[in-house]
Amino acid sequence: MDVLQRMGPRRTPRTAVPPLELCALATTENAGTLRRRFRQWVGELTDPDTADDLALALYEALANVVDHAYVERGAPGLMTLWAAVSCPLSTGRDLVVTVIDEGAWRPSDGPGWRGRGLPLMRELMHATAVLPGERGTTVQLRRRIAPAPAVTPRRAAAMA
């Protein structure tokens, strides 16, 4: 307690962005909805091309939950999306995206028309971790994102 008193009052910095926390049944429709909500959230933080790449990496993680996590149960379970960014740093913000399921991890059967989701996530993100466990799987994606360019009146008119 003494340490907290010496640090002063706890305030959220003006530059803080609330984390995005969403949970839904693991269906294709819900994966699309979570992707769109994430794209809107991250679109406020970085340029459109980077936001699209991030949304694609996230969707691959969600699609893996839909396609693989609950196959043995025969019914969809929950998928949880949590995303947060650091306050601005001189080189941008650190973004962490976590996708959690309560199903079973199934490794890829090898090359073919499937099995490209993890390599794509690894290409689009700076770090990708897959943590299978007895209670489900956690996928964590990390990337440093540059700040979104400021919208000046001239730039806003050019975009219209």
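Attention here is on the structure that accompanies the text.

Rules used in this analysis
Residues numbered from 1 in each chain as written. Predicted model: local features only at pLDDT ≥ 70, side-chain atom pairs only at ≥ 80, totals over all residues. Heavy atoms only, no water. Helix = DSSP H or I, 4+ residues; strand = E, 2+ residues; numbered from the N terminus. Buried < 20%, exposed > 50% of the residue type's maximum accessible area, 1.4 Å probe, protein only. Contact = heavy atoms within 4.5 Å. Expected span 1.5 Å × (residues − 1). Polar contact = N/O pair within 3.5 Å; in protein donor to acceptor, adjacent residues only side chain to side chain. Arc of directions from axis to C-beta. Salt bridge = Lys/Arg side-chain N within 4 Å of Asp/Glu carboxyl O. Phe/Tyr/Trp six-rings, centres within 6.5 Å; stacked < 30°, edge-to-face > 60°.

Further remarks concern the overall build of the protein chain. Counting secondary structure elements, the protein chain contains 5 helices and 5 strands. Tracing the protein chain from N to C terminus, the helices and strands come up as α-β-α-α-β-β-α-β-β-α. Scored against the burial criterion, the 160 residues of the protein chain give a buried share of 32%. Of all intrachain contacts in the protein chain linking residues separated by at least 6 positions in sequence, the fraction that spans at least 24 positions is 67%.

This next bit is on the side chain of Thr 50. Relative to the helices and strands, Thr 50 is located in helix α3 (residues 48–69). Contact partners of Thr 50, with chain neighbours within four places excluded, come to Arg 143 and Ile 145.

Moving on, we get to α3. For α3, with 22 residues, the first-to-last C-alpha span of 31 Å sits near the 32 Å given by 1.5 Å per residue. Within α3, the full set of buried residues consists of Thr 50, Ala 51, Leu 54, Ala 55, Ala 57, Leu 58, Ala 61, Leu 62, Ala 63, Val 65 and Ala 69. Packed against the buried residues of α3 are α2 (28–43), β2 (78–85), β3 (93–101), α4 (117–124) and β5 (136–145). The N-cap residue of α3 is Asp 47: its side-chain oxygen and the backbone nitrogen of Asp 49 are 3.2 Å apart.

Every buried residue of α4 is listed here: Gly 117, Leu 118, Met 121 and Leu 124. Projected down its long axis, α4 carries its buried residues within an arc of 130°, all on one side. Buried residues belonging to α4 abut α3, β4 (127–133) and β5.

A complete count under the given rule lists 2 salt bridges for this structure. Among the salt bridges present, the one from Asp 52 reaches Arg 39, with a minimum N-O distance of 2.7 Å. Of this pair, Asp 52 sits in helix α3 while Arg 39 is found in helix α2, placing the two residues 13 residues apart along the sequence. Notably, a salt bridge pairs Arg 144 with Asp 94, separated by 2.5 Å at the nearest N-O pair. Here Asp 94 lies in strand β3 and Arg 144 lies in strand β5, a separation of 50 residues in the sequence.

Position of Thr 98 among the secondary structure elements: in strand β3. A residue is classified by how much of its surface remains accessible, and Thr 98, at 8% relative accessible area, is buried. Once you skip the residues sitting within four places of it in the chain, Thr 98 turns out to touch Thr 80, Leu 81, Trp 82, Thr 138, Val 139 and Gln 140.

Before going further, it helps to spend a moment on the packing of aromatic side chains. Inspection of the entire model under this criterion finds 1 aromatic pair. Judged by centre distance (6.0 Å) and plane angle (35°), the rings of Phe 38 and Trp 41 are tilted. Note that Phe 38 and Trp 41 are positioned in helix α2 at a spacing of 3 residues, about one turn of the helix. You'll find Phe 38 and Trp 41 in the same group, each marked buried.

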